[in-house]
Amino acid sequence: MSSTSQTIHKSVLDPTKPIRVQMEALIRAKQAEITAGLETQETKKGVKFHADEWTRDTPNGKGKGGGGRSMVIQGGETFEKGGVNISIVHGELTPAALISMKANHKSFRINTKKGENGDKDDDDDELLPKRFFAAGLSMVIHPVNPHCPTTHLNYRYFEVGRRAGQGEDEDELEEPECWCIG
């Protein structure tokens, strides 16, 4: 491992912070490290990665749902085209997503509010919302040389939790109920 890589890891991983904060810092650092490294391999002058920042509006229109940065390189002598992209998004899971998650993960809890029928049946129960946070890095690199392999990877972190109360940041989560890295 290079000293640059060790420095980046030490500067972003802090066990006193929530894992989602560490994951966001890690994928941002990795995007910078990967793009800088790939640029050193491009032999055509002036060919560099170009950034495109984007934001995600929440479906209800009441706020921002995170965003990301796409980094693209193209038209070089080494790289025909490549992208190193990150996403850091958050929001509220839809009822359909909650039901699907429950079907695929039996231990996943869905909280409901009883409907007008009370405990008589579950047909009119309302699913209570759950918050999610997702962060990821994806990369696809197409070299000009047909004998060099194309590179493709995805690295993701996903968590689900309840809203943390009525603080300033309505997107803040309590400790996650469940999470996965893939």
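Described in the following lines is the structure provided in the data block. Since we're looking at a predicted model, the values are computed, not measured.

Moving on to the nonpolar core. Ranked by size, the top nonpolar core spans 9 residues in total: L38, V47, F49, M71, I73, F79, V84, M139 and I141. Contributing elements (two or more residues each) for this core: β2 (64–74), β3 (79–92) and β6 (131–143).

What follows deals with helix α2 (residues 19–41). Here α2 contains 23 residues, and its C-alpha end-to-end distance of 33 Å stays within 8% of the 33 Å for a straight helix at 1.5 Å per residue. Turning to α2, its buried residues are R20, Q22, M23, L26, I27, A29, Q31, T35 and L38.

Right, let's talk about a nonpolar patch on the surface for a bit. A surface patch of nonpolar side chains, about 390 Å² in accessible area, is lined by L153, Y155, W179 and I181. Given the relative accessible area of 30%, L153 is considered partly exposed.

So, on to the pairing of strand β7 (residues 151–161). The pairing of β6 with β7 spans 11 bridges and is classified as antiparallel. Across the sheet, M139 pairs through a bridge with L153, a residue of β7. Here β7 runs beside strand β8 (residues 178–181); their pairing, made up of 4 bridges, is antiparallel. Bridging from a neighbouring strand, F158 pairs with C180 of β8.

According to the stated counting rule, one finds 7 salt bridges in the structure shown. For E159, the salt bridge is made with R20, and the minimal N-O distance between the two is 2.4 Å. Within this pair, whereas E159 is found in strand β7, its partner R20 is found in helix α2, the two being separated by 139 residues in sequence. This pair shows no difference in class: E159 is buried, exactly as R20 is.

With that settled, the discussion passes to the packing of aromatic side chains. In total, this model carries 3 aromatic pairs according to the counting rule given. Aromatic pair Y157 and W179: ring centres 6.3 Å apart, planes at 35°, arrangement tilted. Here the residue Y157 occupies a position in strand β7, and W179 occupies one in strand β8, the gap between them amounting to 22 residues. Three or more aromatic residues joined by ring pairs form one cluster here, namely F133, Y157 and W179. Sitting over the face of the ring of F108, K130 holds its NZ or CZ atom 5.1 Å from the ring centroid.

Right, let's get into the sheet that holds β7. Pairing within the open sheet is antiparallel, and its 6 strands lie in the order β1-β2-β3-β6-β7-β8. At either margin of the open sheet sits one strand with a lone partner, and together these are β1 (50–57) and β8. Averaged over neighbouring strand pairs, the angle between their axes works out to 10° when direction is ignored. As judged from the 9 bridges shared by β2 and β3, these two strands associate in the antiparallel manner. The residue of β3 that forms the bridge with S70 is N85. Contacting β2, β3, β6 and β7, α2 runs over the sheet at an angle of about 170° to β3.

The rules behind the values
Residues numbered from 1 in each chain as written. Predicted model: local features only at pLDDT ≥ 70, side-chain atom pairs only at ≥ 80, totals over all residues. Heavy atoms only, no water. Core = buried A, V, L, I, M, F, W, Y, C linked by side-chain atoms within 4.5 Å. Buried < 20%, exposed > 50% of the residue type's maximum accessible area, 1.4 Å probe, protein only. Helix = DSSP H or I, 4+ residues; strand = E, 2+ residues; numbered from the N terminus. Expected span 1.5 Å × (residues − 1). Patch = residues over 30% accessible without salt bridge, like charges linked within 9 Å, V, L, I, M, F, W, Y side chains within 5 Å. Areas by Shrake-Rupley, 256 points an atom, 1.4 Å probe, with all protein chains shown as cover. Salt bridge = Lys/Arg side-chain N within 4 Å of Asp/Glu carboxyl O. Pairing = 2+ DSSP bridges. Phe/Tyr/Trp six-rings, centres within 6.5 Å; stacked < 30°, edge-to-face > 60°. Lys NZ or Arg CZ within 6 Å of the ring centre and 35° of its normal. Axes fitted to C-alpha atoms, helices over the stretch in contact; angles between N-to-C directions. Contact = heavy atoms within 4.5 Å.

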